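# Descriptive analysis of the structure
Now for the letters of each chain:
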Amino acid sequence: MAVPLICESPARESQAELLRQRYGFSAELGEAPCVLVLTETRLELRKTDEPKLGAIFVDFVEGAAAHRRKFGGGRGQAIAKAVGLKKGANPSVIDGTAGLGRDAFVLATLGCMVTLVERHPAVAALLEDGLERARGSEVDDIAARMTLHFGPSLDVLPSLRADVVYLDPMYPHREKSALVKKEMRIFQTLVGADLDADALLAAARAAARVKVVVKRPDYAEPLAGVKPASSVPTKKNRFDIYPI
Ligand SMILES: C[S@@+](CC[C@H](N)C(=O)[O-])C[C@H]1O[C@@H](n2cnc3c(N)ncnc32)[C@H](O)[C@@H]1O
């Protein structure tokens, strides 16, 4: 079902129409579980039957992204260690499952050139909007290191090459953690589980010069059942490392 996109700002109706055409959004609200709303200032995703959950949007300038940029631990963070951000080394990275771009933003903040690949049209549109708002802001230089490709990684990866390919596919949540954070609930309604994720490992290996890094929940099997050479653990996840 096409995600509807409605426009709350008369001044931005032509931009809304451009987004509908580019990503195949519909102009009718219909009975879709989620709706994109173009407000005066940003693009938001809302869950239609649970409006109290609030909205999802991409914000690289303020909020959690700003907090992590300033106080997140820099190159000491597990993701930086996994990707191989040693002193002076800024590997190029393809993020093959970009989502809301949080991990990609962390890597770009630390100096990596990051190519983001996202196949879900609503998520790609949110990312595009977040990147646009980052331009000309205090994180302009970081946004300049991020390039977005809309499409499935299995199609896009063969034409790309980078030192590291990073993957973070959605993983079916355990029964008990079904009451995941409100944001995840909206996101899961929209995107669902990435049931074809296993196929990504081989495509990622073909595109990477140095290594593939896969983020997994700590309780999850390795991607495609392939044992990594090593892992960097965090509180709830781990980064599995596959050297080339
Ligand atoms: C768990 S989220 C990634 C979160 C991301 N690491 C972040 O920091 O915001 C997974 C995302 O990958 C996307 N995705 C999954 N498989 C993909 C594929 N084969 N090609 C492109 N995007 C994919 C999903 O649509 C979803 O948005």
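Going along each chain's sequence as written, the residues are numbered from 1 onward. Whole-chain, interface and lining totals are the exception, using all residues; otherwise, since this is a predicted model, local features are given only for residues with pLDDT of at least 70 and side-chain atom pairs are given and counted only at 80 or more. Excluded from the side-chain calculation are hydrogens and water; included are all heavy atoms of the structure.

### A short note on the packing of helix α1 (residues 13-23) against helix α5 (residues 121-134)
- Contact geometry for α1 and α5: axes closest at 10 Å, N-to-C directions at 135°. Of the possible angle classes, the one that applies to α1 and α5 is oblique. Note on packing geometry: the crossing formed by α1 with α5 is right-handed. Mapping the contact onto sequence places Gln15, Leu19, Arg22 and Tyr23 in α1 and Pro121, Ala124, Ala125, Glu128 and Glu132 in α5. A fitted line through C-alpha atoms represents every axis, and for helices the fit uses only the stretch in contact; the resulting angles, taken between N-to-C directions, go from 0 to 180 degrees. Secondary structure is summarised from DSSP: a helix means a run of H or I of at least four residues, a strand means a run of E of at least two, and numbering begins at the N terminus for each. Small angles under 35 degrees read as roughly parallel and large ones over 145 as roughly antiparallel, with 65 to 115 read as roughly perpendicular and the rest as oblique. In this scheme, a crossing is called left-handed if the near helix is turned counterclockwise away from the far one by less than a right angle; it is called right-handed if the turn is clockwise. Here, two residues are considered to be in contact whenever any of their heavy atoms come within 4.5 Å of each other.

### Here we look at the packing of aromatic side chains
- Side-chain rings of Phe, Tyr and Trp (the six-membered ring for Trp) are treated as a pair once their centres are within 6.5 Å; stacked means planes under 30 degrees apart, edge-to-face means over 60, and tilted covers the remaining angles. Going through the model one piece at a time under the given rule, you end up with five aromatic pairs.
- An angle of 25° between the planes, with centres 5.6 Å apart, marks the rings of Tyr23 and Phe25 as stacked.
- Exposure categories follow from relative accessible area, calculated using a 1.4 Å probe and restricted to protein chains: below 20% of the type maximum is buried, above 50% is exposed, and the middle band is partly exposed. Among the residues examined, Tyr23 registers a relative accessible area of 8% and is labelled buried.
- Looking at Phe25, the relative accessible area reads 6%, which means it is buried.
- The interplanar angle of 65° and the centroid separation of 5.8 Å between the aromatic rings of Tyr171 and Tyr219 together place this pair among those described as edge-to-face. Taken together, the residues span a long stretch of sequence, with Tyr171 in the loop between β8 (162-167) and α8 (182-191) and Tyr219 in the loop between β9 (208-217) and β10 (230-233) at a distance of 48 residues.
- Residue class for Tyr171 comes out partly exposed when judged on its relative accessible area of 25%.
- By way of ring pairs, the aromatic residues Tyr23, Phe25 and Phe150 are connected into one cluster.
- Counted as over-ring charges are cases with an Arg CZ or a Lys NZ within 6 Å of the ring centre that also lie within 35 degrees of the ring normal. One residue, Arg42, lies across the ring of Phe57, its end atom 3.5 Å from the ring centre.

### A few points about the sheet that holds strand β1 (residues 5-7)
- Being paired, for any two strands, means DSSP has found at least two bridges between them. Judged by pairing direction, the sheet is mixed, and its four strands sit side by side in the order β1-β2-β3-β4 without closing on themselves. Two strands lie at the open edges of the sheet, namely β1 and β4 (55-56), each paired on one side alone.
- On the sheet, α5 packs against β2 (34-38), β3 (43-47) and β4 and is oriented at approximately 145° with respect to β3.

### Some details on helix α4 (residues 102-109)
- Burial within α4 is extensive, with six of its eight residues counted as buried.
- Those residues of α4 lying buried are Asp103, Ala104, Phe105, Val106, Leu107 and Ala108.
- At the C-terminal side of α4, Gly111 shows a positive phi close to 115°.

### Topic: the nonpolar core
- In these notes, a set of buried Ala, Val, Leu, Ile, Met, Phe, Trp, Tyr and Cys residues joined through side-chain atoms within 4.5 Å is what counts as a nonpolar core. Core analysis: the largest hydrophobic core is formed by 58 residues, its most contacted members being Phe25, Leu36 and Phe60.
- For this core, the element with the most residues is α5, which contributes eight residues.
- Residues contacting Phe25, with those up to four places away along its chain left out, are Val3, Leu5, Leu19, Arg20, Leu36, Pro121, Ala122 and Ala125.
- In terms of nonpolar packing, the next biggest core, distinct from the first, is built from 19 residues, Ala162, Ala197, Ala203 and Ala207 among them.

### As for the domain arrangement of the protein chain
- The split of the chain into domains comes from an automatic or database domain assignment. What the domain assignment lists for the protein chain is domain 1 (5-56) and domain 2 (63-175 + 193-243).
- For domain 1 and domain 2, the distance between their C-alpha centres works out to 26 Å.
- Listed per partner, the contact involves twelve residues of domain 1 and eleven residues of domain 2.
- Summed over both partners, buried area is the accessible surface (1.4 Å probe) that two parts give up on being assembled. Taken over both partners, the interface formed by domain 1 and domain 2 buries close to 920 Å², and the fraction arising from carbon and sulfur atoms is 65%.
- Its largest share of buried area at the contact with domain 2, domain 1 owes to Tyr23, Leu43 and Ile56, together 52% of the area lost on that side.
- When a carboxyl oxygen of Asp or Glu is within 4 Å of a side-chain nitrogen of Lys or Arg, the pair counts as a salt bridge. Taken together, the connections running from domain 1 to domain 2 amount to one salt bridge.
- In this structure, Glu128 and Arg22 form a salt bridge, with 2.4 Å as the shortest nitrogen-oxygen distance.
- In the analysis that follows, any N or O atom pair within 3.5 Å is treated as a polar contact, provided that within protein one partner can donate a hydrogen and the other can accept it, and provided that, for residues neighboring in sequence, both atoms belong to side chains. On the surface where domain 1 and domain 2 come into contact, there are three residue pairs in polar contact (both at pLDDT 80 or more).
- For the side of domain 1 that touches domain 2, the secondary-structure elements that each account for two or more residues are α1 and β3.
- Here the element with the most residues in the side of domain 1 that touches domain 2 is α1; it accounts for four residues.

### Some thoughts on the environment of Ser159
- Tracing the backbone through its elements, the reader meets Ser159 in the loop between α7 (153-156) and β8.
- Owing to a relative accessible area of 61%, Ser159 belongs among the exposed residues under this scheme.
- Along the sequence, Ser159 and Ala207 sit 48 residues apart, while their C-alpha atoms lie 8.1 Å from each other.
- Here the side chain of Ser159 touches Val156 through a polar contact of 2.9 Å, landing on its backbone oxygen.

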